[in-house]
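# An overview of the molecular structure
Here is what each chain is made of, one letter per residue.
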Amino acid sequence: MTEHTDRPRTRLLGCVAIVAALAAGGCTSMKDAYPAATEAQQRQAAEENVNTKASANIDTQPTYLRLVEQMQQEGLWFASLAHIDALEQRWGVSPESTRARAEALRHADQAAQSEVAYRRLLGTPLDASGYRGLGLLAGARGDYAEAVRMLKQAVQKTPTDALLLNDLGYASLRAGLIADARLPLMQALQLKPDNPQAQANLAMYLEMTQQHEEARALMDANKIPAATRVIIQNAARQLGVSTPRPSEIPATDVSLASNGSAPLALKASRSSNLFSSGQPARGTP
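What counts, and where the lines are drawn
- Residues numbered from 1 in each chain as written.
- Predicted model: local features only at pLDDT ≥ 70, side-chain atom pairs only at ≥ 80, totals over all residues.
- Heavy atoms only, no water.
- Helix = DSSP H or I, 4+ residues; strand = E, 2+ residues; numbered from the N terminus.
- Buried < 20%, exposed > 50% of the residue type's maximum accessible area, 1.4 Å probe, protein only.
- Areas by Shrake-Rupley, 256 points an atom, 1.4 Å probe, with all protein chains shown as cover.
- Phe/Tyr/Trp six-rings, centres within 6.5 Å; stacked < 30°, edge-to-face > 60°.
- Polar contact = N/O pair within 3.5 Å; in protein donor to acceptor, adjacent residues only side chain to side chain.
- Core = buried A, V, L, I, M, F, W, Y, C linked by side-chain atoms within 4.5 Å.
- Axes fitted to C-alpha atoms, helices over the stretch in contact; angles between N-to-C directions.
- Parallel < 35°, antiparallel > 145°, perpendicular 65-115°, else oblique.
- Left-handed = near helix turned anticlockwise from the far one by under 90°.
- Contact = heavy atoms within 4.5 Å.
- Nonpolar A, V, L, I, M, F, W, Y, C, P; charged D, E, K, R; others polar.
- Expected span 1.5 Å × (residues − 1).
- pLDDT = per-residue confidence, 0-100.
- Salt bridge = Lys/Arg side-chain N within 4 Å of Asp/Glu carboxyl O.

### Concerning the overall build of the protein chain
The helix and strand inventory of the protein chain stands at 13 helices and zero strands. The helix and strand sequence of the protein chain, counted from the amino end, reads α-α-α-α-α-α-α-α-α-α-α-α-α. For the protein chain, with 285 residues in total, the buried portion stands at 46%. About 14400 Å² of surface is accessible on the protein chain, with carbon and sulfur atoms providing 54% of the total.

Structure follows, in structure tokens:
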């Protein structure tokens, strides 16, 4: 359910190319030829950049919170935890810092601690984030029924959050609640027409309910690549063992718009992160 993309990786050069580059001139070292070294250097530079900004801009709590959010957007989850500690030492614990801590702990694979932090958000102005986080954690451990229950609570608090609706729809599919998945998936796609996860999840729903022509029209309209279509179709087959009978399947209008770019009725829009907005390979929304 919800929301990581891999960093682009440089290809390893062939041995001949490496030798030729070294012989030709010299300013490239062997370690520079390896993508791991390049990625580590980029990550270190990003962290140093954010740390420098943090040192110079900690005059207010909102400013520091924005810097923590920037670190998390760049995938610096562990470093962000250290800055959350520093922030809370100076200004105290707040719902915003608790949410940042819960997110960092979840992405750092500290599920138990993350759950404690998310539960602290319940009853606060950020309780929707608390319910969503608990839903994502439930999905990560394969408890999709609990994931659906928590995500429904979150949707009640923030009914127009497209990524949350997408998470709920995906969790419903994984829980075997096929008919229940239709509404949140349709809503997610209309609210965020260009979101690839919302497109993929609705296409998967259509495949699971034997609406193959509609699924193809949806994927054509959104120019979903062939490799992604195979993933969607395979996932639909794996999850479709409890597909409802045709009489139980609501009709879904996915006729193409006149410009050919989106389904007409949908205005076209968190296993792998393809279907879910929250966490890679988590199997939840």
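Past the structure itself, the notes keep going.
### A word on the packing of aromatic side chains
Inspection of every chain in the model, using the stated rule, returns one aromatic pair. Taken together, a centroid distance of 6.2 Å and an interplanar angle of 85 degrees make the contact between Y64 and W91 edge-to-face. Residue Y64 is located in helix α3 (residues 61-73), and its partner W91 is located in helix α4 (residues 77-91); the two are separated by 27 residues in the primary sequence. A relative accessible area of 7% means that Y64 is categorised as buried. Judged by relative accessible area, which is 28%, W91 ranks as partly exposed.

### Some remarks on the side chain of R106
In this fold, R106 is placed in helix α5 (residues 95-107). Overall, the relative accessible area of 3% leaves R106 in the buried class. A distance of 3.0 Å separates polar atoms of two side chains, one belonging to R106 and the other to Y118.

### Observations regarding the nonpolar core
If you look at the biggest cluster of nonpolar residues, it comprises 43 residues, and the most contacted ones within it are L173, L202, M204, Y205, M208 and I232. Looking at this core element by element, the count peaks at eight residues for helix α11 (residues 196-208). Counting residues in hydrophobic clusters, the runner-up holds seven residues, among them L65, L67, L87 and A100.

### With respect to the packing of α11 against helix α13 (residues 226-239)
Packing of α11 against α13 leaves a shortest axis separation of 9 Å and a crossing angle of 50 degrees. Here α11 lies oblique to α13, going by the angle between them. Here α11 and α13 pass one another in a crossing that is right-handed. Residues A200, A203, M204, E207 and M208 of α11 touch α13, and the partners they reach there are I232, Q233, A235, A236 and L239. Of the residues belonging to the contact of α11 with α13, the class tally is eight nonpolar, one polar and one charged.

### Details of helix α7 (residues 127-140)
Taking 1.5 Å per residue, 14 residues should reach 20 Å; α7 reaches 20 Å between its end C-alpha atoms and fits that length. Extensive coverage of α7 is indicated by the burial of twelve of its 14 residues. Every buried residue belonging to α7 is among D127, A128, G130, Y131, R132, G133, L134, G135, L136, L137, A138 and G139, and all of these are buried. In the core, the buried residues of α7 are packed alongside α5, α6 (111-121), α8 (144-157) and α9 (162-174). Positioned one or two residues after α7, G142 has a phi angle of 85 degrees, which is positive.

### Structural notes on unusual backbone geometry
Negative phi characterises most residues that are not glycine, and trans characterises most peptide bonds. Its identity as a non-glycine residue notwithstanding, Q210 has a phi of 65 degrees, on the positive side. Examined against the element boundaries, Q210 turns out to sit in the loop between α11 and α12 (212-221).

### As for α8
Spanning 14 residues, α8 covers 20 Å between terminal C-alpha atoms, matching the ideal 20 Å at 1.5 Å per step. Among all positions of α8, only Y144, E146, A147, V148, M150, L151, A154 and V155 are buried. Buried residues belonging to α8 abut α7 and α9.

### Points about the confidence of the model for the protein chain
The predicted model of the protein chain has a mean per-residue pLDDT of 77, with 64% of residues at 70 or higher. Taken as a whole, residues 2-35 scores under 50 in pLDDT and shows 45 contacts with residues more than four places along the chain or in a different chain. Counting interchain partners and residues more than four positions distant, the pLDDT-below-50 stretch residues 279-285 has 51 contacts.

### Things to note about the pattern of salt bridges
What the rule picks out here adds up to nine salt bridges. We note a salt bridge from R119 to E115, for which the minimum N-O separation is 3.1 Å. Residue R119 and its partner E115 are located together in helix α6, separated by four residues, close to a single helical turn. For R119, a relative accessible area of 43% translates into the label partly exposed. When the shortest N-O distance is used, the salt bridge between R229 and D220 registers 2.7 Å. For D220, a relative accessible area of 40% translates into the label partly exposed. Each of the salt bridges in this network shares a partner with another, and the network as a whole consists of D85, E88 and R101.

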